[in-house]
Amino acid sequence: MNIWKRLLLISVTLLSIYSINILLACAKETGCMVYEKLGEQVFGTPGKIIVFGSTSLQNTGAMLSYLFIVKNELPAAIKFLMGEDDTFVAWYVDGRVLVVAVTFLIILPLCLLKNLGYLGYTSGFSLTCMVFFLIVVIYKKFQLSCPFLDRNATDATFSNFSFDTEACRPKYVTFNSKSVYALPTIAFAFVCHPSVLPIYSELKDHSQKRMQMVTKISFFAMFVMYFLTAIFGYLTFYDSVQSDLLHKYQNKDDILVLTVRVAVILAVILTVPVLFFTVRSSIFELARKTKFHLCQHIVVTLILLMIINLLVIFIPSMKDIFGVVGTTSANMLIFILPSSLYLKITHQDASKLIQRIWASLFLALGILFSMLCTL
């Protein structure tokens, strides 16, 4: 991970924390704990529609990326457990079939729950799985000495190494065709804004100060995990590192790699319902459904999950999701919407002049970000 990407990661982390602080300030000023209602109160119906579109696109993109991981990783894990190699073909190890099965056997029951609070336990478990993934990435760095698999070998294992002294030297500043995805991808990774207000409203002692502390701790933890994973992943494989890091650990007899694959699969599966809750809540808010109706709850859940599964099956690559969502909804949710809402809410409050100046600069940065990502 070169220097400019480290700086980019740090910058997006700090900007995201500031962005959520602005959003919480808007919620405190207006008393709105629903993002769509906040947009409607400040900008009317257009504001409500823009917030709905941004949050729905962001969370749908996140769910798609997580189910892509299931689609790509679960077949390999099942083949390993069956003692089969990658050439084994059967309908029950088809990633598309497995995504549908996982969706309706595991994700659907969790999505049918009425309250978001019940998913706190599954979220905690998924976080534990990702910590385990990080530990394994760090461990593998010290176990492997700059391995490059022999791609011409009939059975590529870690016993087939080729060593290139130059290739094993880290490059601190690198620009290539993949660099254009760095900014939208990192922005995409730090967008949790659609879930902030629902979580804020369900805290037992929901004060702005308490929620800000929760936000800072969460962002710091995520930053450390992203940073260390990127550093040790790069220092293990250098320029041959792939966007899907797990695919670089190709030793089929490595139980540890299989275990971490299963852990990552479980983590992403259990994260999908949390994101799904926000999308469904946004739809009900847009339709002004204030009362809980079980039949509507089930029908909307089934329709949304079917649409998401079709997209996972037919979209070719996760890069397409990161590129589109990172340059559109991520930018809106981190920069443009929070700052615009704050400036509108406080436009007659002379005591908040300094805060308004910072929010204006933040909005300008969001516009610049949009221009850079669309070039």
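Conventions we followed
Residues numbered from 1 in each chain as written. Predicted model: local features only at pLDDT ≥ 70, side-chain atom pairs only at ≥ 80, totals over all residues. Heavy atoms only, no water. Core = buried A, V, L, I, M, F, W, Y, C linked by side-chain atoms within 4.5 Å. Buried < 20%, exposed > 50% of the residue type's maximum accessible area, 1.4 Å probe, protein only. Helix = DSSP H or I, 4+ residues; strand = E, 2+ residues; numbered from the N terminus. Contact = heavy atoms within 4.5 Å. Phe/Tyr/Trp six-rings, centres within 6.5 Å; stacked < 30°, edge-to-face > 60°. Lys NZ or Arg CZ within 6 Å of the ring centre and 35° of its normal. Expected span 1.5 Å × (residues − 1). Bend = angle between axes of the 7 residues up to and from the residue. pLDDT = per-residue confidence, 0-100. Salt bridge = Lys/Arg side-chain N within 4 Å of Asp/Glu carboxyl O. UniProt positions renumbered as here; feature names shortened; annotations may be inferred. Polar contact = N/O pair within 3.5 Å; in protein donor to acceptor, adjacent residues only side chain to side chain. Axes fitted to C-alpha atoms, helices over the stretch in contact; angles between N-to-C directions. Parallel < 35°, antiparallel > 145°, perpendicular 65-115°, else oblique. Left-handed = near helix turned anticlockwise from the far one by under 90°. Nonpolar A, V, L, I, M, F, W, Y, C, P; charged D, E, K, R; others polar.

**Some points on the nonpolar core**
One recurring pattern in soluble globular proteins is that nonpolar side chains are buried together. Leu24, Tyr35, Leu38 and Leu197 are the most contacted members of the largest nonpolar core, which totals 42 residues. Those elements giving two or more residues to this core turn out to be helix H1 (3–30), helix H2 (35–82), helix H5 (182–189), helix H6 (193–202), helix H7 (208–237), helix H11 (329–345) and helix H12 (353–374). Among the elements that make up this core, the one with the highest residue count is H1 (eleven residues). Apart from the residues lying within four places of it in its own chain, the contact partners of Leu24 are Val196, Leu197, Tyr200, Gln208, Met211 and Gln212. In this structure, Met63, Leu74, Val99 and Ile308 belong to the second largest nonpolar core, which totals 29 residues.

**Side note on the packing of aromatic side chains**
Enumeration over the complete set of coordinates arrives at eight aromatic pairs. On the basis of an interplanar angle of 80° and a centroid distance of 5.0 Å, the ring pair of Tyr18 and Phe362 is categorised as edge-to-face. Of this pair, Tyr18 sits in helix H1 while Phe362 sits in helix H12; the two residues are 344 residues apart in sequence, bridging distant segments of the chain. When its relative accessible area of 4% is taken as the criterion, Phe362 is described as buried. Here the aromatic residues Tyr18, Phe335, Phe362 and Phe369 are joined through ring pairs into a cluster of three or more. Here Arg280 stacks its cationic end above the ring of Phe277, 4.7 Å away from the centre of that ring.

**A word on the environment of Arg210**
In this fold, Arg210 is placed in helix H7. You can call Arg210 partly exposed: its relative accessible area is 41%. Linking Arg210 and Tyr200, residues ten residues apart in sequence, is a C-alpha distance of 9.1 Å. Among all residues touching Arg210, those that are not within four sequence positions of it are Leu203 and Asp205.

**What about H2?**
Its 48 residues give H2 an end-to-end C-alpha distance of only 47 Å, which falls more than 12% under 70 Å, the value for a rise of 1.5 Å per residue. Largest kink in H2: about 150°, centred on Phe43, with the proline Pro46 one to four residues after it. Looking one or two residues beyond H2, the residue adopting positive phi is Gly83, at roughly 80°.

**Considerations on the confidence of the model for the chain**
Per-chain confidence: the chain averages 80 in pLDDT, with 83% of residues scoring 70 or above. When pLDDT is averaged over each element of the chain, helix H3 (residues 95–111) comes out on top at 92 and helix H10 (residues 318–327) at the bottom at 68. Segment residues 149–163 is flagged for pLDDT under 50; beyond a separation of four residues in sequence, or across chains, it makes 24 contacts in the model.

**A short note on the environment of Ala364**
Take Ala364: it is sitting in helix H12. Ala364 gets classed as partly exposed once you look at its relative accessible area, which sits at 42%.

**Examining the pattern of salt bridges**
In the structure shown here, the tally under the stated rule is five salt bridges. The partner of Glu73 in a salt bridge is Arg261, with the nearest N and O atoms 2.7 Å apart. Of the two residues, Glu73 is situated in helix H2 and Arg261 in helix H8 (residues 255–286); the sequence distance between them amounts to 188 residues. The class for Glu73 is buried, based on a relative accessible area of 1%. In this structure, the salt-bridge partner of Arg96 is Asp94, at a minimum N-O distance of 2.9 Å. You can call Arg96 partly exposed: its relative accessible area is 43%. One network of salt bridges, in which partners are shared, links Glu29, Asp349 and Lys352.

**So, the UniProt feature "transmembrane region" (unreviewed entry) in the chain**
Mapped onto the present numbering, the UniProt feature "transmembrane region" (unreviewed entry) falls at residues 89–111, 118–139, 180–201, 213–235, 255–277, 298–315, 321–341 and 353–372. The span residues 89–111 is 74% helix and 0% strand, and its two end C-alpha atoms sit 31 Å from each other. Along residues 298–315 one finds 94% helix and 0% strand; the C-alpha atoms at either end are 26 Å apart.

**What about the side chain of Lys141?**
Note on placement: Lys141 falls in helix H4 (residues 120–143). Within polar-contact distance, the side chain of Lys141 engages the backbone oxygen of Leu235 at 3.1 Å. The contact partners of Lys141, leaving out residues within four places of it in the chain, are Phe232, Leu235, Thr236 and Tyr238.

**With respect to the packing of H3 against helix H9 (residues 294–314)**
H9 packs onto H3 with a crossing angle of 155° between their chain directions and a minimal axis gap of 11 Å. In terms of axis orientation, H3 runs roughly antiparallel to H9. Crossing geometry of H3 relative to H9 is assigned as right-handed. Residues Arg96, Val99, Val100, Thr103, Phe104, Ile107, Leu108 and Cys111 of H3 lie in contact with H9, whose contacting residues are His297, Thr301, Leu302, Leu305, Met306, Asn309, Val312 and Ile313. Split by residue class, the contact of H3 with H9 holds eleven nonpolar, four polar and one charged.

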